[in-house]
Amino acid sequence: MTGHEKGVPLQNMRRDKRLDPEHRMRLDTAIHMQGRGWITGRDGGRPWTLSRTNRVVACFGALVILVLISPLLLGVALAIKFSSPGPVMFVQKRTGYRGRSFGMYKFRTMVANAEELKESLRHLNKHGADAIDFKIDKDPRITRIGGFLRRSSLDELPNLINVFTGDMRLVGPRPTSFNAYRYKDNHLARLSIYPGMTGLWQISGRSNIDFDQRVELDLSYIAEQSLLLDLKILLKTPFKVFSGHGAS
């Protein structure tokens, strides 16, 4: 089962993307990057993160992992279903490559009306009431099983569906729940590649750093992107997840 968090209607996002030339020019200016072929090193080529090889490897890897962990996914789904009322999963609108919106799959970790309670809890935001990021320590909306799923990052396993469908990659900047209109100009460059399930943020503090620091890490990843860097991040991610460092 799936449910949608409330936000900007999807049709409005599509209209904005297609019919707002000023915003599109702002995006194009900010995320323009001179491509360098990841194999040849030549200017004008496809960088690793936008290469067809990356897309194929990510898709195949996501499919294999989904098959291997299917019993775990079923067990988590049953635990959520029988522990609290509401859907097993929800699809949250996220901002991805070049500011395009897509529905990101996650296991539900909050009460069914969590989004309706968000504004009443904004004063508890650990990054500040007016911050672009929204994180609360000991969020009262999180269910008992949801707390465990978040600490272990099991709630993010359905992201593999997005990797398989092409909206995400295994490694890249984490997609935001707010759209590109709310990005500052110096933030937009992180949209020059596809978002990922894990990245430098996850192995460098995860939720314990603010959005500006996340952008710095994202831009560092974009500048240094390579197959070897992705492998290093993927190998380090499980150790950070199991330690629970920075999870919320």
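An unreviewed UniProt entry annotates the protein as Sugar transferase of Pseudomonas nunensis. Recorded in UniProt for the protein, the comment headed Sequence similarities (unreviewed entry) runs: "Belongs to the bacterial sugar transferase family."

*Asks:* Let's hear about the packing of aromatic side chains: which residues, and what values?
*Replies:* Throughout the structure, instances matching the rule amount to 5 aromatic pairs. Ring centres of Trp38 and Trp48 lie 4.8 Å apart, and the angle between their planes is 65°; on these two criteria the pair is classed as edge-to-face. With Trp38 in the loop between helix H2 (21-31) and helix H3 (52-68) and Trp48 in the loop between H2 and H3, this pair connects stretches of sequence that are 10 residues apart. Assessed through its relative accessible area of 4%, Trp48 is described here as buried. Look at Tyr97 and Tyr194: their rings are 4.4 Å apart centre to centre, the planes differ by 20°, and that puts the pair in the stacked class. Separated by 97 residues along the polypeptide, Tyr97 in the loop between strand E1 (89-95) and strand E2 (101-107) and Tyr194 in the loop between strand E3 (169-171) and strand E4 (196-198) bring together distant segments of the chain. Tyr97 gets classed as buried once you look at its relative accessible area, which sits at 16%.

*Asks:* Kindly report on the pairing of E1, identifying the contributing residues and their values.
*Replies:* The buried fraction of E1 is high, at 6 of 7 residues. Looking at chain direction, E1 and E2 are connected through 7 bridges and run antiparallel. Of the residues in E2, the one forming a bridge with Phe90 is Lys106. Hairpin connection of E1 to E2: 5 residues between the antiparallel strands, including Arg98 at a positive phi of 55°.

Calculation criteria
- Residues numbered from 1 in each chain as written.
- Predicted model: local features only at pLDDT ≥ 70, side-chain atom pairs only at ≥ 80, totals over all residues.
- Heavy atoms only, no water.
- UniProt positions renumbered as here; feature names shortened; annotations may be inferred.
- Phe/Tyr/Trp six-rings, centres within 6.5 Å; stacked < 30°, edge-to-face > 60°.
- Helix = DSSP H or I, 4+ residues; strand = E, 2+ residues; numbered from the N terminus.
- Buried < 20%, exposed > 50% of the residue type's maximum accessible area, 1.4 Å probe, protein only.
- Pairing = 2+ DSSP bridges.

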